[in-house]
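Close look at the chain arrangement
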2 protein chains.
Amino acid sequence: MAEVMEKTALFEFLCRMGDNTLILGHRVSEWCGHAPVLEEDIALANTALDLIGQTQLWLEYAAEVEGKGRSADDLAFLRDVWDFRNVLMLELPNGDFGQTLMRQFLFDAWQVVMLGHLVRSSDTRVSEIAEKASKEVAYHLDRSRGTVIGLGDGTEESNARMQAALERLWPYVGEMFASDETDAAMLAAGVAPDPASLRAEFDAIVLPALAEATLTVPEGDFAHKGGRDGGMHTEHLGHILCTMQWLQRAYPGAKW
Amino acid sequence: MAEVMEKTALFEFLCRMGDNTLILGHRVSEWCGHAPVLEEDIALANTALDLIGQTQLWLEYAAEVEGKGRSADDLAFLRDVWDFRNVLMLELPNGDFGQTLMRQFLFDAWQVVMLGHLVRSSDTRVSEIAEKASKEVAYHLDRSRGTVIGLGDGTEESNARMQAALERLWPYVGEMFASDETDAAMLAAGVAPDPASLRAEFDAIVLPALAEATLTVPEGDFAHKGGRDGGMHTEHLGHILCTMQWLQRAYPGAKW
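Quick summary incoming for the structure in this document. (Residues numbered from 1 in each chain as written. Chains lettered and ligands numbered in written order. Predicted model: local features only at pLDDT ≥ 70, side-chain atom pairs only at ≥ 80, totals over all residues. Heavy atoms only, no water.)

1. Structural notes on the environment of A:Ala254
Assignment of secondary structure puts A:Ala254 in the segment after helix 9 (235-250). Contact partners of A:Ala254, with chain neighbours within four places excluded, come to A:Leu247 and A:Gln248. (Helix = DSSP H or I, 4+ residues; strand = E, 2+ residues; numbered from the N terminus. Contact = heavy atoms within 4.5 Å.)

Right, here's the structure in full:
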């Protein structure tokens, strides 16, 4: 019984990790061909590719743990909204370039902290994925942090846009640090830390950067929730799935 | 052989009629809850419903003529881009309210003329559908014509927007009057007029209204083509299908 519980919790945990990178990867890929300058366009496309690559690893393992014969592709392309476990922030529309980079920065910081713990996971497979992903994510954070500071401490226009982005996104930050029985099971098994315990490390990365960017952190700790536990996604996720899953829905099992 | 040819042409013709109303109906429905005033919101939603209702009639008959066991729903929700036969103008994004109404006016005028001929079709089923649809479309035209005139001959801002809409859409008008071997077969069988022969009647409706709207008809007769013959749709159609077909693709055969 305990083993079944833990397997269920591990599957859930892996879906959370993989759905975060899948949905953000898809969102970031929407910028391809639309970024303000070529270098940023390529950087965003590379970030998206890294995230989709990480998705492959997380969902491949999730599918194995589940043991029902589903593949990573099946999980990505054949689940409906209510089975997705990404945090809500990542499914929001991109907004402008500043908002996209602000979201990237907030998620990168969380991911750096989370992966930093996961490399010491009791689950070898989890620690291997974290090891590989953390190299990519360190670079993502370096880049998004620099852009947030550059645009925040930039012109009047860019500062106002970054401040607006921060205010739009801040109420979605708290969900990354929510924890429930899945997290308790992962902690007990030594697989993953309790997300709630990561906030101080996150703040240590994010707050100084936002200060350097001359941005004001919004007050209040209200947090939108419902993504990572699948309780209630925003309407945007359904639209993402329409686009993202159409090919596999229209041509089931298509390969190339 | 002649009968097979005619059946194929009739199926093609019916898909053209039904796909026009399907795709425009879907586009217009996107306004639901977003129009500038409540009355316009309801009017647009009603127009969309009329168009979808006409689609049901056209594609139901198309499916019967085809005789392969497909239903109207199958044609609407399970064909891919290359099998759609709507003119390109109808799959373009809505743009602003003015552009949406300008497109509606141009299509309404075409539809009024076309249906006016189809009520005398040698094919009883076609004439019956045309009879029913023409009552709705007369009302659509009355409304879109009034709005085009009101906004064109309105404020500086509304006039500029309507002129921009006309310039954007005008190069897509010509496709409604293109004709090919399908049209020749329909003409020979007395089913439908040659679209090319309808331009004078269309101009007689459209040009005086545009003049009254103080709008300038763009010069040149370049016409985008590739929709009604399925040769090359715009990229927008694929995005429409993602949204429009997702449910039937994700849950094949779903009923309620």
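2. Side note on the interface of chain B and chain A
Counting from both sides, the interface comprises ten residues of chain B and, opposite them, ten residues of chain A. Summing the contributions of chain B and of chain A, the shared interface buries around 950 Å²; its carbon and sulfur component is 59%. Three residues, B:Cys242, B:Trp246 and B:Arg249, lead the burial of chain B against chain A; their summed loss comes to 60% of the area buried on that side. Our count for the chain B to chain A interface comes out at four residue pairs in polar contact (both at pLDDT 80 or more). Each residue belonging to the side of chain B that touches chain A can be placed in one class, and the counts come to six nonpolar, two polar and two charged. (Buried area = accessible area lost by both parts, 1.4 Å probe. Polar contact = N/O pair within 3.5 Å; in protein donor to acceptor, adjacent residues only side chain to side chain. Nonpolar A, V, L, I, M, F, W, Y, C, P; charged D, E, K, R; others polar.)

3. So, unusual backbone geometry
All names here are of chain A. Look at Thr214: it is not a glycine, yet its phi comes out positive at around 55°. Structurally, Thr214 is set in the loop between helix 8 (199-212) and helix 9. For Thr214, a relative accessible area of 44% gives the class partly exposed. (Buried < 20%, exposed > 50% of the residue type's maximum accessible area, 1.4 Å probe, protein only.)

4. Describing the packing of helix 2 (residues 38-66) of chain B against helix 5 (residues 124-152) of chain B
Residues and elements named next belong to chain B. Remark: helix 2 packs on helix 5, axes separated minimally by 11 Å, with the N-to-C direction vectors making an angle of 165°. By the angle between their axes, helix 2 is roughly antiparallel relative to helix 5. Considering only the axes of helix 2 and helix 5, their crossing is left-handed. Residues Glu40, Ala43, Thr47, Asp50, Leu51, Gln54, Leu57, Trp58, Glu60, Tyr61 and Glu64 of helix 2 touch helix 5, and the partners they reach there are Arg125, Val126, Ile129, Lys132, Ala133, Glu136, Val137, His140 and Arg143. A class-by-class count of the residues in the contact of helix 2 with helix 5 yields nine nonpolar, three polar and eight charged. (Axes fitted to C-alpha atoms, helices over the stretch in contact; angles between N-to-C directions. Parallel < 35°, antiparallel > 145°, perpendicular 65-115°, else oblique. Left-handed = near helix turned anticlockwise from the far one by under 90°.)

5. Things to note about the packing of aromatic side chains
All names here are of chain A. Overall, the coordinates contain nine aromatic pairs over all chains when judged by the stated rule. On the basis of an interplanar angle of 80° and a centroid distance of 6.5 Å, the ring pair of Phe13 and Trp58 is categorised as edge-to-face. Linking Phe13 in helix 1 (residues 2-29) with Trp58 in helix 2 (residues 38-66), this pair joins segments that are 45 residues apart in sequence. Just above the ring of Phe84 sits the side chain of Arg79; from NZ or CZ to the centre is 4.3 Å. (Phe/Tyr/Trp six-rings, centres within 6.5 Å; stacked < 30°, edge-to-face > 60°. Lys NZ or Arg CZ within 6 Å of the ring centre and 35° of its normal.)

That's the geometry; what it means functionally is another story.
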